[in-house]
Amino acid sequence: MEKIPTGSVTFLFTDIEGSTRLAQEFPNSYNSILQKHDSILDKAIESHNGFVFKKIGDAFCSGFESSSDAIAAAHEIQKKLAEHEWDKFHLKVRIGLHRGEAEYLNDDYAGYITLSRVSRIMSVANGGQVLLTQEVYNDAGDLSLPGISFRDLGERKLKDIILPEHIYQLVSNELQSDFPQLKSLDIRPNNLPLQITKFIGREREIAEIKNLLTGTRKLTIVGSGGTGKTRLAIRAATDLIDEFENGVWFVELSALNDPELIEKEISIALNLKEEGDKNLIDILKEYLEDKQLLIIFDNSEHLLDKCAEIAYALLQRCPKLKIISTSRESLNISGEKIYRVPPLSVPDNSTDHTPESLKEYESSRLFIERASSIKHDFKVTDENADALAELCRKLDGIPFAIELAATRVNVLSIDKILDRLNDRFKLLTRGSSTALPRHQTLRALIDWSYDMLNENEKLLLQRLSIFMGGWAFEAAEQICSDETIDEIDILDLLTSLESKSLITVNEVNGNVRYNMLETIKQYCSEKLEEKSGVYKKHFEYYINTLDPAIRKEKKTEQKEWVGLLESELDNLRVAIQWTMENEPENTFRLITSLRNFWLIKAFLREGFQTCRKALAIETVTDKKLRAEVLLTAAEMCYGLGNFSELENYANESLTLFTEVGDKAGIAECLIKLGDLSYTNLEFKKSRDYFDKALVLSEEINSKELKATILRNLSFLVNQDGDKDGAYDLKEQSLIIFREIKDSYNVASVLASLGIFEYHRGNFERANSFSEESLSIARENGDQYFISINLINLGRIYSEKKDFLKAEYSLEEAIKLIRKYGYSLNLHPALIYLARILKSKRDFERSVQTYNEFLAGSSKSGGNFFLKSAYMGLTECYINIENYEQAVRNLSYMETASIGSEVKLTDEEINITDNYKKTLREKLGNETFDLYWNEGKQVAVES
């Protein structure tokens, strides 16, 4: 057709009734049957201006601008199929028509609501029948097709369609007119509540619930308040209704307080009458004994014992009966399966969300849908997308909480709603006026669960609210027990709270961890009265976790230790915050214990900021404690490239360690000052620091310090030209670090050896060292040495002319460097990437990358690579024939390097002389001298 319909489109979908059976019964002739079927449909649709946009097996999906054309095409299809002489059987096709909004994009239609409705209309039709919706009927108007009329079939409830659909049947004296009842939900008796609002997401959960119900007769859907248990049960039951000949019946129990009324509620739902003195349970058993039926016990947590008794009695007597219950906890009867409802999916923790990206998450989609129904002009923009993402995360993906928050959009922006979430129980107070009181506010919903707990369960839940990011059983056992709650009772109490959906339990890498939704945490934290004592025990537990002596006693390997701290990071942050406000000296102890962890996991900014806050506390006067935190700050500064602050912190720390006579501390300060001097190209000064530190390390017999110093000295020895001596020092260092099982520093020395062998031209050995270091770094989650090794591997791949791998490795390294703030390592990464791009003759990108390096080269550590950048840029400029800039660049390099420790080598001088010769030939002497003087002037002025 000339124009593909889009916007408002009438869709015609078809499907062969019983196609699977036909294919099995007529395997030899079915393909020829299909060919004839396809030919009839193609001609009928095309002749009435239709567009077939998809064929799925024997199903046709087509679109029309005009409803009249679509109806005419449907009529012709059924007429031609009925007239055709089929071999041994009559082919019957069901047809559905619906008109709605859809856009044709990327060779398909986008418009889920419209397309799903036409699919459902078609699926409830009988073979040979044409059904259409009210929208098609209205659009067709006065249809002038002789012999065609419409039979009003009334409103019907369809699978996956929230509101009833008004359906018409196309009637013609040329077609069959009488058909069995439609295959709509109305065909199965039920009392499922009509859902007014749109159901969002949960496809995986619905599929899992349906799958579980196929293998059990009793399923309990459990979850904390507001997670959407009821709607999930109704939606799953709606999908399964065809499987229950005697229907699906919903029994609402939340308003009942008397357990003895449950049987009455079930009998009312099933429309059963009492019979004299006969027990209701016996009436129910007799009625349900031979019925294929599903009953939903909704909101049964406050009536568990009686619900369990009734369910068990009915299931024993009635073999075709199935029961779903929704509750905070299971009924705990034989044969019961449990499905725990997870929160809705929430946006990740990034800060670059867009309106489009938020559609991937159920929680944000729910907020948008509900907010749009309240405020017709509500929109998510690039400006408020991140706020909405954070809002959904803070509300734990709880549907009820998100719906309550969405009601506020008519008076508050998303940012303002987010600001008020710290007092969420006042903000989220406007539920449906038709709901039970406990379903109208977030606080009331949690009150309902909390009030059903015994006193020890309530007290433990309050104490657990101090944990952040979850907790291990041992932590709860030690922190939350006292004279009121015995340590031996903690496991039973945790199990009970988990069964009531108030806490969750997960296994992560073989370790069991508990957690609590943020909303429940905030609720319980408000009720915790004895905060100080619990937080004190919390700190003591985690400072012991960090204690090197305990780690040594337990023989905890570094990798295991790092993993443990990573899982407890949020709790460690809580401990730091509490001690900073209550016991500042203990903050200093925590910081000192976390130094190596922060370095390994690249939490450099966090570590540095924490140190600064602690050092601002003047009441802590213990010199050794202050010296340790000053040294930690200096360590963080080195990785961040804050070299001026590093020197101040290291010197102040050195003074304090000297005053208290701490030789290990003095040696560590000297090492850090030696590192700084080396980076600043002050090699003699650097060696002095390292030599003094080495003497101290031997005096106190510290293998770790000695290995660190030997590794660092190897760089200076290499700088002096003693390659063998440098290698020997690295090897000695590696042996010691392997011996003391310090995997972080093993990775460090291996990375150093990889770089060393690269410069010696031993690329296979360089590759081997770098790969081993990378493997260890990945195991430790050590982003710093991952980035270092990716840089070196990029250089090695480049030497092997594998530029694709080289470029990829360096770009991955640069991503990590920027993400974690390793500014010192950005210099070589950019230089080597620029070289690779130059080798690929991608000169424009190479120039951009070199210039990016030069823009940040004034930061410490950039001096090493200035020559390389200027020479590389010159080559690029010559290749792109920007001769003027090439001359300025060379002039600037030669002038700026005068007096610098970084001199041009004889080889580099020969290369630059050749560049000059080429440029003079291209520009002429006079023009060359003009641009040369311009470059020289810039160098002098800078």
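About the cut-offs
Residues numbered from 1 in each chain as written. Predicted model: local features only at pLDDT ≥ 70, side-chain atom pairs only at ≥ 80, totals over all residues. Heavy atoms only, no water. Helix = DSSP H or I, 4+ residues; strand = E, 2+ residues; numbered from the N terminus. Buried < 20%, exposed > 50% of the residue type's maximum accessible area, 1.4 Å probe, protein only. Areas by Shrake-Rupley, 256 points an atom, 1.4 Å probe, with all protein chains shown as cover. Lys, Arg positive; Asp, Glu negative; His and termini not counted. Charge placed at Lys NZ, Arg CZ, Asp CG, Glu CD. Pairing = 2+ DSSP bridges. Axes fitted to C-alpha atoms, helices over the stretch in contact; angles between N-to-C directions. Contact = heavy atoms within 4.5 Å. Expected span 1.5 Å × (residues − 1). Phe/Tyr/Trp six-rings, centres within 6.5 Å; stacked < 30°, edge-to-face > 60°. Lys NZ or Arg CZ within 6 Å of the ring centre and 35° of its normal. pLDDT = per-residue confidence, 0-100. 1 Å grid on protein atoms, 1.4 Å probe; cavity = no way out; pocket = protein on both sides within 12 Å on 5 of 7 lines; lining within 4 Å. Points joined across faces, edges and corners; volume = space filled by probe spheres on them. Nonpolar A, V, L, I, M, F, W, Y, C, P; charged D, E, K, R; others polar. Disulfide = S-S within 2.5 Å. Polar contact = N/O pair within 3.5 Å; in protein donor to acceptor, adjacent residues only side chain to side chain. Salt bridge = Lys/Arg side-chain N within 4 Å of Asp/Glu carboxyl O.

1. Section: the overall build of the protein chain
Then comes step 1: Looking only at helices and strands, the protein chain features 42 helices and 16 strands.
Then comes step 2: Dimensions of the protein chain along its principal axes, counting C-alpha atoms only, are 105 × 85 × 55 Å.
Then comes step 3: For the protein chain, with 942 residues in total, the buried portion stands at 54%.
Then comes step 4: Total accessible area on the protein chain is roughly 43300 Å²; 47% of this is exposed by carbon and sulfur atoms.
Then comes step 5: Across the protein chain, 117 positive and 151 negative side-chain charges occur, with their mean positions spaced 1 Å apart.

2. Some words on the sheet that holds strand β10 (residues 248-252)
Then comes step 1: The 5 strands lie next to each other as β10-β11-β12-β9-β13, forming an open sheet whose pairing is parallel. One side of each edge strand has no neighbouring strand; the edge strands of this open sheet are β10 and β13 (337-340). Averaged over all neighbouring strand pairs, the angle between strand axes comes to 20°, with direction disregarded.
Then comes step 2: Sheet topology places strand β9 (residues 218-222) next to β13; 4 bridges connect them, and they run parallel. Within β13, the residue paired with threonine 220 across the bridge is isoleucine 338.
Then comes step 3: Strands in contact with helix α7 (residues 229-240) are β9, β10, β11 (293-298) and β12 (321-327); relative to β12, the strand with the most contacts, it is inclined by about 155°.

3. Thoughts on helix α19 (residues 490-499)
Then comes step 1: When α19 is considered as a whole, its buried residues turn out to be Ile490, Leu493, Leu494, Ser496, Leu497 and Glu498.
Then comes step 2: Directly after α19, the chain includes serine 501, whose backbone phi takes a positive value near 65°.

4. Some thoughts on helix α4 (residues 112-124)
Then comes step 1: Between its first and last C-alpha, α4 extends 18 Å over 13 residues, near the 18 Å set by a 1.5 Å rise per residue.
Then comes step 2: Every buried residue of α4 is accounted for by Thr114, Leu115, Arg117, Val118, Ile121, Met122 and Val124.

5. A short note on unusual backbone geometry
Outside of glycine, negative phi angles account for most residues, and trans bonds account for most peptide bonds.
Then comes step 1: Positive phi, normally seen in glycine, also occurs at asparagine 106, with a value near 50°.
Then comes step 2: On the basis of relative accessible area, asparagine 106 is assigned to the exposed category, the value being 78%.
Then comes step 3: Phi is positive for serine 501, which is not a glycine, with a value near 65°.
Then comes step 4: Tracing the chain through its elements places serine 501 in the loop between α19 and β15 (504-508).

6. So, the packing of aromatic side chains
Then comes step 1: If you walk through the whole model with that rule in mind, you get 26 aromatic pairs.
Then comes step 2: With a centroid separation of 6.3 Å and an interplanar angle of 75°, the aromatic rings of phenylalanine 11 and phenylalanine 13 are classed as edge-to-face.
Then comes step 3: Residue class for phenylalanine 11 comes out buried when judged on its relative accessible area of 0%.
Then comes step 4: Ring centres 5.0 Å apart and planes at 90° place the aromatic pair tyrosine 784 and phenylalanine 785 in the edge-to-face group.
Then comes step 5: On the basis of relative accessibility, which here comes to 18%, the residue tyrosine 784 falls in the buried class.
Then comes step 6: Exposure remark for phenylalanine 785: the relative accessible area of 7% places this residue in the buried category.
Then comes step 7: Taken together, the ring pairs in this structure connect Phe11, Phe13, Phe51, Phe53, Tyr104 and Tyr109 into an aromatic cluster.
Then comes step 8: One Lys or Arg, lysine 730, reaches over the ring of phenylalanine 715 and ends 4.0 Å from the middle of that ring.

7. So, the confidence of the model for the protein chain
Low pLDDT means the predicted atomic positions in that stretch should not be read closely.
Then comes step 1: Mean pLDDT over the protein chain stands at 86; residues scoring 70 or higher make up 94%.
Then comes step 2: Within the protein chain, helix α15 (residues 424-427) has the poorest average pLDDT of any element, 60, and strand β3 (residues 59-64) the best, 95.
Then comes step 3: Confidence over residues 433-439 falls short of pLDDT 50; this stretch has 14 contacts with residues more than four positions distant or in other chains.

8. Considering empty space enclosed by the protein
Taking a probe equal in size to a water molecule and rolling it over the atoms shows the remaining empty space.
Then comes step 1: Scanning the entire structure with this criterion turns up 2 cavities of 30 Å³ or more.
Then comes step 2: In terms of lining residues, the second largest cavity is bounded by Gly128, Gln129, Val130, Gln169, Leu170, Leu175, Gln176 and Phe179.
Then comes step 3: A class-by-class count of the residues in the lining of the second largest cavity yields 4 nonpolar, 4 polar and no charged.

9. Things to note about the state of the cysteines
Then comes step 1: Following the criterion strictly, the structure yields 0 disulfides and no others.
Then comes step 2: Its sulfur unpaired, cysteine 307 is 16 Å from the next cysteine sulfur, which belongs to cysteine 318.

10. A short note on the side chain of glutamate 807
Then comes step 1: With respect to the helices and strands, glutamate 807 occurs in helix α36 (residues 803-820).
Then comes step 2: Looking at glutamate 807, the relative accessible area reads 9%, which means it is buried.
Then comes step 3: In terms of polar contacts, glutamate 807 uses its side chain to reach the side chain of arginine 845, at 3.1 Å.

11. Digging into the pattern of salt bridges
Then comes step 1: In total, this model carries 62 salt bridges according to the counting rule given.
Then comes step 2: A salt bridge links arginine 760 to aspartate 724; the shortest N-O distance between them is 3.4 Å. Residue arginine 760 is located in the loop between α33 (743-759) and α34 (763-780), and its partner aspartate 724 is located in helix α32 (residues 723-739); the two are separated by 36 residues in the primary sequence.
Then comes step 3: The class of arginine 760 is partly exposed, set by a relative accessible area of 32%.
Then comes step 4: Residue classification places aspartate 724 among the exposed positions, given a relative accessible area of 59%.
Then comes step 5: In this structure, the salt-bridge partner of glutamate 875 is lysine 838, at a minimum N-O distance of 3.1 Å. Taken as a pair, glutamate 875 in helix α39 (residues 866-879) and lysine 838 in helix α37 (residues 823-839) lie far apart in primary sequence, 37 residues in all.
Then comes step 6: Since its relative accessible area comes to 29%, glutamate 875 is described here as partly exposed.
Then comes step 7: According to the relative accessible area criterion, lysine 838 is buried, its value standing at 15%.
Then comes step 8: One connected set of salt bridges, linked through shared partners, spans Arg595, Lys624, Glu628, Asp662 and Glu668.

12. Some remarks on the environment of aspartate 239
Then comes step 1: Note on placement: aspartate 239 falls in helix α7.
Then comes step 2: Taking relative accessible area as the criterion, aspartate 239 reaches 13% and is therefore assigned buried.

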